[in-house]
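Summary of structural features
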Amino acid sequence: MFLRSNSSTISNYSLYTLPPIIRNTLLSVSIALLLTACGGSDDSNNSSNDGDTNAPNPPTTPDTPEIDTNWQPAGGSATIAASGSQPFLQIMPNLPSSALGGVSPGRELFITEWTPANEGRVLFDGVGPLLNANACTQCHSAEGRKPIYAANGQLSDAILFRLGNKQGLPHAYYGEQMQHQSIATSINPEGSMRYAAMPSQNDKPAGIQFSFTPTDLNQPLGNTAISGRISPQLVGMGLLDLIPEANIIAAADPDDNNQDGISGRVHWVQDGKQQRIGRFGWKAINSSLRTQNANAMSQDMGLTTSVFMDPNCTVNQPICWTAANGGSPEVSDSSLDAVTDFMTALAVPERRIDDLSDFNKGAQLFAQVGCAGCHTPKQKTGNSERFPLLSQQNIYPYTDLLLHDMGAGLDDSVKEKNAESFEWRTPPLWGIGIVARDPEARFLHDGRASSLTEAILWHGGEAESTKTRFTQLSGTQKQTLMTFLKGI
């Protein structure tokens, strides 16, 4: 398990600040590349230009405002050193003792294995009866991302599957998410998933194909689509929660009024009685970290909260409505708040830089080809009464938290709330280089990409021009860009 140290102990790491350099990196705000990864084997980056120090400059986007490369700590006051075998799920440094009342029990709730109702663990019972996991750490790892693809077409618990169609309707029997586990052999799970690797074809990169076998053969998927969602690394979650809505709105340009090819838009979602900006999840379906946690407890673990009081079953699945429960709700508000406190306090690993000059060249290429048009390098948090250390922090998450049209290649045929099937939230890139150290790491929403090149080549829509510019880079330039990505 993870983070099983004494619950009152909070890890502290010293911060370091990189030396200032001239502000000479150009930032593009035109064509966007929703670049979700930078790992795996990237042999395809080699070209006949490798080693050519006189290689031509890459094609650039039309408008290139100046950015500041006087790098501040990646996560502001929540930054930790990047060393250590468990870079994620660590607590930010200098956390005052007054905040430990929620963070420490929240960590214990995060790592605990929940049990079915009436099994003698009142605080930790009520999981299921249908579920994908019985603990948060079954999907999320302190080392990065858990392996997804096992041998013989088998899948791990670190990927789940959303169900729906392009109109946003869930499956009448299974609902909006498939649950592949149950709490007892007498209860049938909804079904099982398998995968098959698909080779590249023409201009289509290598990928993955999924197949679903229902437990009840009388309940096929029919016209309902199924789409994988891998479990991302958890880093700087509280900082993302604190980016002011006004800043996100200001960056949106849904009608592409500036004609730069980017039409990122806000995903407005209903949160209780309010309309708020969605910012968490692959399609930004949850507006706050608290709601995100409650949604995961509901859909992934079959645990009710005051946010989601109904079981994770449809009216056509009586088992969820007749099985014993662990209370109403099964997760108390104080427990949900504690988990949210723990997630809010998660730290950000500092950049890993061997050569600052090379790193800055990579940052310039990142901007010039257009990646920064959606992966906004720098954000600033608002104020937090609960965690004052996180207030007014300059951070580098590389996301605008907006929805973008990523083209037919990434259209999964599943609309979620107001996010169309071809739209995806810009995923934060901080810490992605740490994830990429693992040769089994996979990227994009369903893990179809095993390398940076595959992730790029799957992108279209608003990222089509950026993808083209990337392919026109020399091998040396591509390697420089990857060095930057692996360091942020």
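Look above for the structure.
Observations concerning helix H1 (residues 100-111)
Between the first and last C-alpha of H1 there are 16 Å, a value that for 12 residues agrees with the 16 Å anticipated at 1.5 Å per step. Of the surrounding elements, those touching the buried residues of H1 are helix H6 (333-344).

Here we look at the packing of helix H4 (residues 289-301) against H6
At a minimum axis separation of 9 Å, H4 and H6 run at an interaxial angle of 115°. By crossing handedness, the relation of H4 to H6 is classed as right-handed. Here Leu289, Arg290, Asn293, Ala294 and Met297 of H4 lie close against H6, whose contacting residues are Asp333, Leu336, Asp337, Val339, Thr340, Met343 and Thr344.

A look at the environment of threonine 215
By the element assignment, threonine 215 lies in the loop between strand E9 (207-214) and strand E10 (225-230). Placed 35 residues apart in sequence, threonine 215 and histidine 180 show a C-alpha to C-alpha distance of 9.4 Å. When residues no more than four places from it in sequence are discounted, the contact partners of threonine 215 are Asn188, Pro189, Glu190 and Gly191. A distance of 2.7 Å separates the side chain of threonine 215 from the backbone oxygen of proline 189, its partner in a polar contact. In terms of polar contacts, threonine 215 uses its side chain to reach the backbone amide nitrogen of glycine 191, at 3.4 Å.

Some details on the layout of surface pockets
Of the volumes computed, that of the largest pocket is approximately 470 Å³. Surrounding the largest pocket, 21 residues form its lining, Ile208, Gln209, Asp446, Arg448 and Trp458 being those nearest its centre. Looking at the lining of the largest pocket, the element that brings in the most residues is E9, giving four residues. Counted by class, the lining of the largest pocket contains nine nonpolar, seven polar and five charged residues.

Details of the packing of aromatic side chains
Within the structure shown, the criterion is met by 12 aromatic pairs. With centroids separated by 4.5 Å and ring planes inclined at 55°, the aromatic side chains of tyrosine 149 and tyrosine 195 adopt a geometry described as tilted. Here tyrosine 149 is found in the loop between strand E4 (130-131) and strand E5 (159-164), whereas its partner tyrosine 195 is found in strand E8 (residues 191-198), with 46 residues between them in sequence. Accessibility classification places tyrosine 149 together with tyrosine 195 in one group, the buried group. Following the ring pairs from residue to residue traces out a cluster consisting of Trp71, Phe359, Phe366, Tyr396, Tyr398 and Phe484. In this arrangement the basic side chain of lysine 283 is found over the ring face of tryptophan 424, its NZ or CZ atom lying 3.7 Å from the centre. Across the ring face of phenylalanine 387, the terminal group of arginine 386 is positioned such that the distance to the ring centre comes to 5.7 Å.

What about the packing of H1 against H6?
Remark: H1 packs on H6, axes separated minimally by 7 Å, with the N-to-C direction vectors making an angle of 100°. The orientation of H1 relative to H6 falls into the category roughly perpendicular. Of the residues in H6, those in contact with Gly102, Val103, Pro105, Gly106, Arg107, Leu109 and Phe110 of H1 are Ser335, Ala338, Val339, Asp341, Phe342 and Met343.

Examining the pattern of salt bridges
On inspection of all chains with the given rule, the structure shows 16 salt bridges. Residue aspartate 337 is joined to arginine 290 by a salt bridge in which the shortest nitrogen-to-oxygen separation is 2.7 Å. Here the residue aspartate 337 occupies a position in helix H6, and arginine 290 occupies one in helix H4, the gap between them amounting to 47 residues. Look at aspartate 337 and you get partly exposed, because its relative accessible area is 34%. Lysine 467 serves as the salt-bridge partner of glutamate 464, at 3.5 Å between the closest nitrogen and oxygen. Of this pair, glutamate 464 and lysine 467 are both found in helix H10 (residues 464-471), three residues apart, which corresponds to roughly one turn of the helix. For glutamate 464, a relative accessible area of 36% translates into the label partly exposed. The buried category is assigned to lysine 467, whose relative accessible area is 13%. Each of the salt bridges in this network shares a partner with another, and the network as a whole consists of Arg162, Glu176, Arg229, Asp412 and Glu416.

The rules behind the values
- Residues numbered from 1 in each chain as written.
- Predicted model: local features only at pLDDT ≥ 70, side-chain atom pairs only at ≥ 80, totals over all residues.
- Heavy atoms only, no water.
- Helix = DSSP H or I, 4+ residues; strand = E, 2+ residues; numbered from the N terminus.
- Expected span 1.5 Å × (residues − 1).
- Contact = heavy atoms within 4.5 Å.
- Axes fitted to C-alpha atoms, helices over the stretch in contact; angles between N-to-C directions.
- Left-handed = near helix turned anticlockwise from the far one by under 90°.
- Polar contact = N/O pair within 3.5 Å; in protein donor to acceptor, adjacent residues only side chain to side chain.
- 1 Å grid on protein atoms, 1.4 Å probe; cavity = no way out; pocket = protein on both sides within 12 Å on 5 of 7 lines; lining within 4 Å.
- Points joined across faces, edges and corners; volume = space filled by probe spheres on them.
- Nonpolar A, V, L, I, M, F, W, Y, C, P; charged D, E, K, R; others polar.
- Phe/Tyr/Trp six-rings, centres within 6.5 Å; stacked < 30°, edge-to-face > 60°.
- Buried < 20%, exposed > 50% of the residue type's maximum accessible area, 1.4 Å probe, protein only.
- Lys NZ or Arg CZ within 6 Å of the ring centre and 35° of its normal.
- Parallel < 35°, antiparallel > 145°, perpendicular 65-115°, else oblique.
- Salt bridge = Lys/Arg side-chain N within 4 Å of Asp/Glu carboxyl O.

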